[in-house]
Amino acid sequence: MLRVALTKGRIEKSAVEMIRKCGYDLSDYDSKNRRLIVTAGNLELVLAKAADVITYIERGVCDVGIVGRDTILESEGEFYELLDLGFGKCRFALAGIKGKNFYNGYTHKVVATKYPNVAKRYFMTKGIDAEIVKIEGSVELAPLLGMADAIVDIVETGATLVENGLEVYEDISYISARCIANVASMKLKNSEITEFVSKLRTQLED
Ligand code: PRP
């Protein structure tokens, strides 16, 4: 049995469809209602929030995880990243009020984000001293309310920015869903993990 932590929400549907195409029986998932653990052949699927997928993988209670690179970049954990699954494509960007130049002037810069580690690293590599403020969601509000000079956030279609009078100032990094694995599981369940990952890889080549 291979325990797979699956991120609920945005990337869940694509992940489930990919697993289904690999030939796993997803009837238990299809009739799960609000159950959080279901079986699919020799897989046990655990439905969790993105950051918790990383925690369960790190702590070794799940062997493999499917999670966005955004969450991976924000985490500080140790695990293997095995495969780019090619869905959930978006990017991290620095964005703010349309037409404003973020780098203008010498004033203290405030940046709002759900991803403080990503933002801190980005400004550190640019040698800019910015104050990072953690926001839990709808980060676009921060510049609109005058609390931040910019945001570091996920941009997928760009519609949220446009509809709120904001624009991308700079792209930061490419994001997509990834398959990750616990370090010990890679040794102890190597053949099961290899089989699962090679089935997933086959779907990428189609
Ligand atoms: C994400 C992100 C943006 C939006 C981008 O938020 O934080 O707000 O999606 O998507 P778009 O470029 O296609 O408009 P999410 O929907 O996850 O909600 P949240 O902000 O409440 O976390």
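Residues numbered from 1 in each chain as written. Predicted model: local features only at pLDDT ≥ 70, side-chain atom pairs only at ≥ 80, totals over all residues. Heavy atoms only, no water.

Turning our eyes to something else, we now look at the packing of aromatic side chains. The tally for this structure, following the rule as stated, stands at six aromatic pairs. When the centroid spacing of 4.8 Å and the interplanar angle of 75° are considered together, the rings of Phe-92 and Tyr-115 count as edge-to-face. Of this pair, Phe-92 sits in strand 6 (residues 90–97) while Tyr-115 sits in the loop between strand 7 (109–113) and helix 5 (116–126), placing them 23 residues apart in sequence. For Phe-92, a relative accessible area of 0% corresponds to the buried category. Grouped by ring-pair contacts, the aromatic residues Phe-102, Tyr-103, Tyr-122, Phe-123 and Tyr-169 constitute a single cluster. (Phe/Tyr/Trp six-rings, centres within 6.5 Å; stacked < 30°, edge-to-face > 60°. Helix = DSSP H or I, 4+ residues; strand = E, 2+ residues; numbered from the N terminus. Buried < 20%, exposed > 50% of the residue type's maximum accessible area, 1.4 Å probe, protein only.)

Counting 30 residues, the largest nonpolar core has Ile-19, Leu-43, Leu-85, Phe-196 and Leu-200 as the members making the most contacts within it. For this core, the secondary-structure elements that each account for two or more residues are strand 1 (2–7), helix 1 (12–21), strand 2 (37–40), strand 3 (43–48), strand 4 (64–68), strand 11 (177–181) and helix 9 (190–205). With sequence-adjacent residues up to four places away left out, Phe-196 is seen in contact with Leu-2, Val-4, Ile-19, Tyr-24, Leu-43 and Val-64. In terms of nonpolar packing, the next biggest core, distinct from the first, is built from 16 residues, Tyr-115, Ala-130, Ala-150 and Tyr-169 among them. (Core = buried A, V, L, I, M, F, W, Y, C linked by side-chain atoms within 4.5 Å. Contact = heavy atoms within 4.5 Å.)

Our next topic: the pattern of salt bridges. With the rule as written, the count across this model stands at 12 salt bridges. Ionic pairing is found between Arg-3 and Glu-44, a salt bridge with its closest N-O pair at 2.8 Å. Taken as a pair, Arg-3 in strand 1 and Glu-44 in strand 3 lie far apart in primary sequence, 41 residues in all. Of the charged contacts, one joins Lys-199 and Glu-195 as a salt bridge, the two residues approaching to 3.1 Å between their closest N and O atoms. With Lys-199 and Glu-195 both in helix 9 and four residues apart, the pair spans about one turn of that helix. Of the residues examined, Lys-199 reaches a relative accessible area of 27% and is grouped as partly exposed. (Salt bridge = Lys/Arg side-chain N within 4 Å of Asp/Glu carboxyl O.)

Counted according to the given criterion, the structure contains zero disulfides. The thiol of Cys-62 is not disulfide-bonded; the next cysteine sulfur, from Cys-179, is found 12 Å away. (Disulfide = S-S within 2.5 Å.)

Its domain assignment divides the protein chain into domain 1 (2–88 + 176–205) and domain 2 (90–174). Domain 1 and domain 2 are separated by 30 Å when their C-alpha centres are compared. When domain 1 packs against domain 2, the two sides together hide about 920 Å² of surface, and 39% of this comes from carbon and sulfur. The three residues of domain 1 that bury the most area against domain 2 are Asp-70, Leu-73 and Glu-74, which together make up 55% of that side's buried surface. Applying the counting criterion to the domain 1 and domain 2 interface returns one salt bridge. Note that Glu-156 is salt-bridged to Arg-10, the shortest N-O span being 2.4 Å. Sort the elements by how many residues they give to the side of domain 1 that touches domain 2 and helix 4 (residues 69–74) lands first, with four residues. When its residues are assigned to classes, the side of domain 1 that touches domain 2 shows one nonpolar, two polar and seven charged. (Domains from an automatic or database assignment. Buried area = accessible area lost by both parts, 1.4 Å probe. Nonpolar A, V, L, I, M, F, W, Y, C, P; charged D, E, K, R; others polar.)

A separate point is the sheet that holds strand 11. With mixed pairing, six strands are arranged side by side in an open sheet as 2-3-1-4-11-5. The open sheet has two edge strands, strand 2 and strand 5 (80–84), and neither has a second partner. Strand-to-strand twist in this sheet, taken as the mean axis angle between neighbours without regard to direction, amounts to 25°. Sitting on the sheet, helix 1 is in contact with strand 1, strand 3 and strand 4, with an inclination near 145° to strand 1. Strands in contact with helix 3 (residues 50–58) are strand 1, strand 3, strand 4 and strand 11; relative to strand 4, the strand with the most contacts, it is inclined by about 150°. (Pairing = 2+ DSSP bridges. Axes fitted to C-alpha atoms, helices over the stretch in contact; angles between N-to-C directions.)

Notably, Asn-33 is not glycine yet its phi reads approximately 50°, a positive angle. Position of Asn-33 relative to the elements: it lies in the loop between helix 2 (27–30) and strand 2. Its identity is not glycine, yet Ser-138 carries a phi of approximately 45°, on the positive side. Looking at where Ser-138 falls in the secondary structure, it is placed in the loop between strand 8 (130–134) and helix 6 (141–144). The exposure class of Ser-138 is partly exposed, given its relative accessible area of 48%.

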